[in-house]
Each structure stands twice: as structure tokens, then as C-alpha cells.
Amino acid sequence: MATFSINLKDGTLNKDNEVIVGIDLGTTNSLVAYMKDGAAVCVQDDLQKNTLVPSVVHFASDGSILVGDAAREKLITDPAHTIYSVKRLMGKSYNDVQTLEAFFGYRILDEDKDALVKVKVYDRYFTPVELSANILRELKSRVERELKASVNQAVITVPAYFNDNQRQATRDAGKLAGLDVLRIVNEPTAAALAYGIGLDKSKAETIAVYDLGGGTFDVSILQIQDGVFEVLSTNGDTFLGGDDIDKTIATFFAAQMGLDTQVLSANKHLQQELRLLAEHAKKTLSDGSFFQGEIDGKAVSIGRDTFEELIMPLVQRTLDCCQNALRDAGLKTNQIDKVVMVGGSTRVPLVKQKVSAFFGKPVFNNLNPDEVVALGAAIQADILSGNQKDLLLIDVTPLSLGIETVGGLMDVIIPRNTKIPSKAGRQYTTSVDGQKNLKIAVYQGERDLVENNRKLGEFVLRDVPPMPAGLPKIDIQFILNADGILTVRARELRSGLEQQIDIQPAYGITEEDMARMLLDSITHAGADMKIRGVLEARNEANNLLLAGVKFLQQNDGILTDEEKVNTNALLKALSEATQTEDKDVIHQAIETLNNYTMPLAHRAMDTNIRAAMSGKKIG
Ligand code: ADP
Ligand code: MG
């Protein structure tokens, strides 16, 4: 009978002797690894001595499902029922992915553009979570066959830029495949672990992890010290990878064959065949200098020089991302101690050469670049199972998180590139008397106005006891857990009323959107500041207008008629000033009103105090 031990540090329940596996659930290929005699190893398939499981799922008309290499072959013979690159769809709506549709050989369901995307196969609809679960089930049974034991716990890696929804979707896929996902770990963090970087606690290092996979590119700058892995910044492009190299070569071949683009785009079968031949050419050129092949009865060929010329723009784009990541981390290339290469596409000699030249040092590429992430995931799993000393992983949130305040302003609570897990909070109050229900709208992004950011979700703090404006004390806490999932808690401190939500947005953000949002925040910084200035001045003016009206009502007997007329005129002038778009005009009106009413307020206060002191109501 199995005994149970509780690992207090992580709060995980770990069954004795049960292996926790590490899984790299990739866009193109997936792998599973575990610790064997103190070293991480990837599980191979029974036949081919191959550790990669292509992330491809095929559905046959009789209902049977193929995953991996067998499914990959169906890309040519049965593209409509063969699903690949499903990772791109995780946590996304059709709106997020519609520009990609031409890229997929299968049908993406488009009936409800805002709902989570589904894939149509025959008459069935599959969610990306279900499709990914098929891949995970294959990995699970692979490792179970090797270990001759059941495997129920895993660590799964995701790109550092995955948002809450994408991480949650990955977790769900694990659950559906019968795996308890103990931790979602960022891929670059796993890659660093695979190289043993950070295992020596006395050593402080800053490293760059360059990951060029099949469909995505990302670069992360990590700082590692005292066993703590901290992601200083991340950058990348989810639409840049080996697939794009293949597409470039495929286009080149199509031109060689004199193929009309319209004819080609109508022929999905030929498209896929070209895609696979192009990939074959690319791999050949990683070792050799020339490729020759045949397709559709026509000869095609490409040499290394032409190849490098064609893909240089793609490589340059990755270097631009590296530059951005360094900028965000506030570092120069010479401050990077090590550069780790990850992803099958880093086998391309031009890539290695250019990255090495960019950072001005040789790169780490002696481990198999397809396997490093899975190996690191296995090491992380081992740490979680309590077999390794206190290693902590700290990641960052790539976009700022905050709430909407009066005037549609974004109030940042957790700034961009904050380490996670993280917790931050702030107190707010109301701007209207007797406000009962308070809407807490949570946004992600860098712009000053929430309308330009992305809404993650909202909830209402209901039935707050009526109080004058400014009196309620609303404490908002943002709690970002180690998986990057956000919980927002709102509490009215005077009444103790509390409400909280886990933020699970209706659908995910695209990485293009993320890049655009960051870029926008830079290009619009000037304009945003101006708008923010006006809105803040207007808020201040509105508060003063309310206070002014109250003051006149409460002190009717103390003020002279002339003072009342003048005060009313200044209030009217301020109210008019708030209609302008000029913050200086508003500030001027505020100042004029304040200057005039200040002595009146003092006099009113003195009078009121004297009245109170005259003895009626003490005690
Ligand atoms: P992902 O992380 O997106 O699942 P991988 O890291 O497995 O991707 O990388 C897959 C990509 O690596 C594919 O585009 C594949 O064509 C490319 N690749 C694999 N081997 C080579 C090679 N020898 N030369 C160039 N590219 C390669
Ligand atoms: Mg990968």
C-alpha cells in the first residue's frame, strides 16, 4: 500500500516513489522527461529512438485517434482532419486567430467570434484543451510504458509570455489527460535549469535564453542568484519560427516550379507537401551546403547562400527582440554572462552565428536544443518532489495589471516585469455620495486610459453601506500566483464587506496584441499624459464642485449674500472650465475658487466650533 508524505514547503501531496514528470508541450513537438538515477532524461519511443512527439493529432473517419509521427504523416494525406500547432490556439478566441486561418489546413470554428475557438473535425467540435490533452495522454502513456508504473503528476512548461488564460488552458489540458499539474514553469527557466545554471548557489549570473522553435520565438533575460531564478525581461514574436523558414523556402520552391499562387492556395494537399519538403531542405542545409528534391514531378533545389540570404530578415527580427529584451532589463550585451540556445531552429548555422556575434560570446548549445526544456522541466519536477534543496523559481508578469478609476484611467497595481509570485494592493474611495455598488474592472496593459488596454474581467462589490463620497475605504489586493494567475480581492474596510475573483478572461490576448500594446504605450506616451492631466484635473474639479455646493448649503446663515453670489459664480466658472480639454484652464478655475473660499471656510469653521463650544452638546 502506498504511503503519503506531505511536502510542507510546496504544499503538494507527494505519493512515495511516484515520479513527477516534466513535459514540454510544444507548438511543433512535445516531449516528456524524468529523473533517472539523478539525471534528467527524455523518454524515447519504442521504435525509432526518437524523443520528439510531433504535436499533431489525426482523427480517422472510424473515430480512432493518432498522435505524433503517425499523425504527422496524415498532414499530407488527410489535412482536413489533422490538427497541428494547436498551442497557438490555446486560450484564444476566433477573433484572436482568424488572420491565421489560411495557415491551418483544418477548419477553425467561427460561429461566435468572441467565444473560445474550437476546431471542427467531421461533425465534432474540439477545444484546443481537448486536442492538447490528446498529446499529453500520448506522453503520459509513453513514460508509463517505460517506467512500468502509472504517472499522475507533472510539471508542464509554457512560454514566458503566456497569459493567465493560456496557462489555465494548459493546466486544464493536463487535468483532462489525467495529470495533476503541480506547476506551470516558464520554458526559459527550464532551459537554464537543464544546463545546471543556478544549481550552484554561490554563483550569481545573468543569462539570455534564445528559443527559436517551430512556430515561436522568444528571448528571456534571467538573473540567477542564491538559487533564485528571476526573469528580468522577456521579448519575442509568436509568429516567428521554423515554420516561417519553411514557408520562405516553400515560396522559393513554388516560384522555381512556376506555380501560380492562386493555384497553390486552392490546393491544400500540395501546400502541405511543399511545406514538408521545405522543412526537409532546411534540415539538410543545417549540415550540408546544397539541397535537391522533387515535387509534383518537378525538380527544386536551393544552396546554403541563397537560403541564408532568404532567412536573414527572419534572423534579424529575432536579434531586434534580443535588443528589446536587453533594453527592458536595462542591460548591455556585455553584461550577459551566458547565452543558452533552445529550440530545433537554433540548429540553423546562420542562427547560431548571428546570435553569438550579437552577444559577443560563444553560445551554450551542447545539449540537444529540442530537449533542453523538457529536461529542465524534469529537474523542476524533482525539486518539487522534494529531492533537491531549496530552489526557488521567480518569473515576471510581462504587462502591467491594474484597475479602472474615475474617468477611465488605468491605475497600475502590479507594474510590468514584476516578479511573481507577487502581491500588491492599494486603497480607493468613492467619488459619489451613497454609492452602493462598486465596479472593480481589471485591466492589463501599459496605456494611461483603460479603453486602450485589455480588460481581464470585472466584478461588483455589492451592498456597501451608504456613506458620503470619500468615506469608504476600499482595499484592493492583487495576488499573482507562481503560475501567473491573478486573484483580485476587494474589501470595504469600514464595513468588512469582501468580494474576490480569480481572473480568467473570456479569451486570451494574442502576442501581436501584447507587442502592439507595449509599442502603443511608448508612441502614445505624450498624448496619454495630456489626457491623463485633463482627466485628473476634471476629477479634482468635480470633487470641489460637490464640496462647494455642500458648503453653501451648510453655511447659509454664516455667509453674506455677496459671498454666496460670488461663490456661486466661481462654482459655475469651474463647472464650465471642466468642459474644456485644457487642464491649465481647469487648474486656474480651481485655484480662483479655492483662494476666494478659503477665508470663508475658516470663518465658517470658527463659527461652527464656537457654536459647538457654547456648551450644548458636550459628552
Ligand atoms: P517547438 O518548441 O515550437 O515545439 P521545436 O523546438 O521542437 O519547436 O523546434 C521545431 C523546429 O525546429 C521545426 O521548425 C523544425 O523544422 C526545426 N528543426 C529541427 N531540426 C532542425 C535542423 N536540423 N535544422 C533546422 N531546423 C530544425
Ligand atoms: Mg519549444
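A quick note: this is a predicted structure, and the numbers were derived from the prediction, not measured.

Things to note about the overall build of the protein
Link 1 in the chain: On a plain count of helices and strands, the protein comes out with 15 helices and 30 strands.
Link 2 in the chain: Taking all 619 residues of the protein together, 53% fall into the buried category.
Link 3 in the chain: Pairs at least 24 residues apart make up 65% of the contacts formed inside the protein by residues separated by at least 6 positions.
Link 4 in the chain: Working note: accessible area of the protein is about 28200 Å², and carbon and sulfur atoms make up 51% of it.

Describing helix α5 (residues 187-194)
Link 1 in the chain: The buried count for α5 comes to eight of eight residues, which makes it a mostly enclosed element.
Link 2 in the chain: E187, P188, T189, A190, A191, A192, L193 and A194 are the residues of α5 that are buried.

Comments concerning the sheet that holds strand β23 (residues 409-414)
Link 1 in the chain: Pairing in this open sheet of four strands is antiparallel, and the strands run β23-β22-β26-β27 from one edge to the other. The sheet terminates laterally at β23 and β27 (454-461), the two strands that pair on one side only. On average, each strand axis in the sheet is tilted by 30 degrees relative to the strand beside it, whichever way the strands run.
Link 2 in the chain: The pairing of strand β22 (residues 401-405) with strand β26 (residues 438-444) spans three bridges and is antiparallel. Residue G402 lies in a different strand from β26, and its bridge partner there is Y443.

Describing the site of ligand 1
Link 1 in the chain: Around ligand 1, the structure places 17 residues, and the nearest of them are T28, G214, E279, K282 and S286.
Link 2 in the chain: Taking G214, its main chain carries an N or O atom lying 2.9 Å from an oxygen atom of ligand 1.
Link 3 in the chain: One nitrogen or oxygen atom from the side chain of R347 is found 3.2 Å from a nitrogen atom belonging to ligand 1.
Link 4 in the chain: Coverage of ligand 1 by the protein chains reaches 91% of its 580 Å² of free accessible surface.
Link 5 in the chain: Considering every element that reaches the shell around ligand 1, the biggest residue donor is helix α8 (residues 268-287), with four residues.
Link 6 in the chain: When we break the shell around ligand 1 down by domain, the ones giving at least three residues each are domain 1 (18-243 + 309-395) and domain 2 (244-308).

Quick look at the sheet that holds strand β7 (residues 57-59)
Link 1 in the chain: Overall, antiparallel pairing links the three strands, which are arranged β8-β7-β9 in an open sheet. Every other strand in the sheet has two partners, leaving β8 (65-67) and β9 (82-83) as the edge strands with one partner each.
Link 2 in the chain: Alignment of β7 against β8, held across three bridges, turns out to be antiparallel. Along β8, the bridge assignment pairs V57 with V67.
Link 3 in the chain: Contacting β7, β8 and β9, helix α1 (residues 69-77) runs over the sheet at an angle of about 105 degrees to β8.
Link 4 in the chain: Most of the contacts of helix α3 (residues 128-147) go to β7, to which it runs at about 110 degrees, and overall it touches β7, β8 and β9.

Quick look at the pattern of salt bridges
Link 1 in the chain: Inspection of the entire model under this criterion finds 23 salt bridges.
Link 2 in the chain: Note that D45 and R142 form a salt bridge whose closest N and O atoms lie 3.8 Å from each other. Within this pair, whereas D45 is found in the loop between β5 (39-42) and β6 (53-54), its partner R142 is found in helix α3, the two being separated by 97 residues in sequence. Taken individually, D45 and R142 each receive the classification buried, so the pair is uniform in this respect.
Link 3 in the chain: Each of R72, E279 and K283 takes part in a single network of salt bridges with overlapping partners.

As for the pairing of strand β4 (residues 29-36)
Regular strands show a simple pattern: their side chains alternate between the two faces of the sheet.
Link 1 in the chain: Direction of pairing for strand β3 (residues 20-25) relative to β4: antiparallel, over a ladder of four bridges. When the bridges of β4 are listed, D24 appears paired with L31.
Link 2 in the chain: What sits between the antiparallel neighbours β3 and β4 is a turn of three residues.
Link 3 in the chain: Pairing analysis gives two bridges linking β4 to β6, with the strands arranged antiparallel.

Comments concerning the side chain of D244
Link 1 in the chain: Locating D244 in the fold gives a position in helix α6 (residues 242-256).
Link 2 in the chain: Residue D244 is classed as buried on the basis of its relative accessible area of 14%.

Thoughts on the nonpolar core
What tends to happen in soluble globular proteins is that the nonpolar side chains get buried as a cluster.
Link 1 in the chain: With 47 residues, the main nonpolar core has I221, F253, L274, V355 and F359 as its most contacted residues.
Link 2 in the chain: The element that contributes the greatest number of residues to this core is helix α9 (residues 304-329), accounting for 10 residues.
Link 3 in the chain: Here this core spans two domains, and each of domain 1 (18-243 + 309-395) and domain 2 (244-308) adds at least three residues to it.

Here we look at the environment of L212
Link 1 in the chain: Looking at the secondary structure, you find L212 in strand β15 (residues 205-212).
Link 2 in the chain: Given a relative accessible area of 4%, L212 falls into the buried group.
Link 3 in the chain: Counting along the chain gives 25 residues from L212 to D237, while the straight-line C-alpha distance between them is 9.8 Å.
Link 4 in the chain: In this view, L212 contacts F217, L240, G241, T318, V342, G343, G344, S345, T346 and V351; residues no more than four positions away in its chain are not counted.

Some thoughts on the pairing of strand β28 (residues 474-480)
Link 1 in the chain: The element β28 is largely enclosed, with a buried count of six among its seven residues.
Link 2 in the chain: Here strand β25 (residues 422-428) runs beside β28; their pairing, made up of seven bridges, is antiparallel. The residue of β28 that forms the bridge with A424 is F478.
Link 3 in the chain: Bridging between β28 and strand β29 (residues 486-492) involves seven bridges; their strand directions are antiparallel.

Reading the values: the criteria
Residues numbered from 1 in each chain as written. Chains lettered and ligands numbered in written order. Predicted model: local features only at pLDDT ≥ 70, side-chain atom pairs only at ≥ 80, totals over all residues. Heavy atoms only, no water. Helix = DSSP H or I, 4+ residues; strand = E, 2+ residues; numbered from the N terminus. Buried < 20%, exposed > 50% of the residue type's maximum accessible area, 1.4 Å probe, protein only. Contact = heavy atoms within 4.5 Å. Areas by Shrake-Rupley, 256 points an atom, 1.4 Å probe, with all protein chains shown as cover. Pairing = 2+ DSSP bridges. Axes fitted to C-alpha atoms, helices over the stretch in contact; angles between N-to-C directions. Near = heavy atom within 4 Å. Polar contact = N/O pair within 3.5 Å; in protein donor to acceptor, adjacent residues only side chain to side chain. Domains from an automatic or database assignment. Salt bridge = Lys/Arg side-chain N within 4 Å of Asp/Glu carboxyl O. Core = buried A, V, L, I, M, F, W, Y, C linked by side-chain atoms within 4.5 Å.

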